[in-house]
Amino acid sequence: MNEHLAGLPYSLVYPESKVKPFWDNLAQNKFTTTKCPKCGLLWPPKANCPNCGEETSEWIELKGTGEIYAKTQVGASPPAFKAMLPFILVVGKLDEGILVAARMEKANFEDLKIGTPIKIEIKKSFGLDSYIFVPA
Ligand SMILES: [Zn+2]
């Protein structure tokens, strides 16, 4: 366990080994999530299945396509992100049914509606493997 996580409730502790495959897969241009082998639920990487408590998980590749579930335009940020202002933040509902939050690029905020088709684009951000949403 990471030292800075000490003292957090058990449900908030994410064992690094359970999350690392997400970043390894992203570096290979694959957008993935975990699937419970017991009940089939898809969920963002975390320690246990939020439905049945299963401790193991399978990694599956997502299509990366979906639609806008919620959106906002961010106009204030910590100093490190000031050069990006304003930016669009979207919660996308992927075709597989899970929600993913990410910045949206290559679009005007006013043109985006709930239900607008979007897709994940994997790219480097601040030198790290990352992902954004773009119009589909
Ligand atoms: Zn489960």
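Residues numbered from 1 in each chain as written. Predicted model: local features only at pLDDT ≥ 70, side-chain atom pairs only at ≥ 80, totals over all residues.

Trainee: Would you mind going over the overall build of the chain with me for this structure?
Mentor: Summing up its helical and strand segments, the chain has 1 helix and 8 strands in all. Residues counted as buried form 12% of the 136 residues belonging to the chain. For the chain, the share of sequence-separated contacts (at least 6 apart) that also reach a separation of at least 24 residues comes to 49%. (Helix = DSSP H or I, 4+ residues; strand = E, 2+ residues; numbered from the N terminus. Buried ≥ 20, exposed ≤ 12 C-beta atoms within 10 Å, placed from the backbone. Contact = placed C-beta atoms within 7 Å.)

Trainee: How should I be thinking about the sheet that holds strand S2 (residues 42–43) in this particular structure?
Mentor: Hydrogen bonds between backbone groups are what pair the strands of a sheet, and the pairing can be parallel or antiparallel. With antiparallel pairing, 3 strands are arranged side by side in an open sheet as S2-S1-S3. On the outer flanks of this sheet lie S2 and strand S3 (58–61), each paired with one strand and no other. Pairing analysis gives 4 bridges linking strand S1 (residues 32–35) to S3, with the strands arranged antiparallel. Residue Thr 34 lies in a different strand from S3, and its bridge partner there is Trp 59. (Pairing = 2+ DSSP bridges.)

Trainee: Whenever I open this one, helix H1 (residues 16–27) confuses me. Can you help?
Mentor: One turn of an α-helix holds 3.6 residues; hence residues three or four places apart share an orientation. Between its terminal C-alpha atoms H1 stretches 16 Å, which fits the 16 Å expected from 12 residues at 1.5 Å a residue. Just downstream of H1 lies Asn 29, where phi reads positive at about 65°. (Expected span 1.5 Å × (residues − 1).)

Trainee: Which parts of the structure should I look at to understand the pairing of strand S5 (residues 87–94)?
Mentor: Moving residue by residue along a regular strand, the side chains alternate between the two faces of the sheet. Because side chains alternate across S5, one face comprises the buried residues Ile 88, Val 90, Gly 92 and Leu 94, and the other comprises Phe 87, Leu 89, Val 91 and Lys 93, none of which is buried. As paired strands, strand S4 (residues 65–74) and S5 are joined by 8 bridges and run antiparallel to one another. Residue pairing across strands places Lys 71 opposite Val 90, the latter belonging to S5. Connecting S5 to the antiparallel partner strand S6 (residues 99–104) that follows it, the hairpin turn spans 4 residues, and Gly 97 within it adopts a positive phi of roughly 100°.

Trainee: Just checking my understanding: could you explain the nonpolar core for this structure?
Mentor: Side chains of a nonpolar character, in soluble globular proteins, are inclined to be buried together. Listed in full, the 7 residues of the largest apolar core are Ile 68, Ile 88, Val 90, Met 104, Ile 118, Ile 120 and Phe 133. Mapped by element, the contributors of at least two residues to this core are S5 and strand S7 (117–125). In contact with Ile 88, other than residues within four places in its own chain, are Lys 71, Gln 73, Arg 103, Met 104, Ala 107, Phe 109 and Leu 112. (Core = buried A, V, L, I, M, F, W, Y, C linked by C-beta atoms within 7 Å.)

Trainee: How should I be thinking about unusual backbone geometry in this particular structure?
Mentor: Residues apart from glycine generally show negative phi values, whereas peptide bonds are mostly found in trans. The amide bond that connects Leu 85 to the next residue, Pro 86, takes the cis arrangement and shows omega of -15°. Structurally, Pro 86 can be placed in the loop between S4 and S5. Positioned with a positive phi, Asn 29 is a non-glycine residue whose angle comes to about 65°. Tracing the backbone shows Asn 29 in the loop between H1 and S1. One non-glycine residue, Lys 106, adopts positive backbone phi at about 60°. C-beta crowding within 10 Å serves as the criterion here: with 10 such atoms nearby, Lys 106 is assigned to the exposed category.

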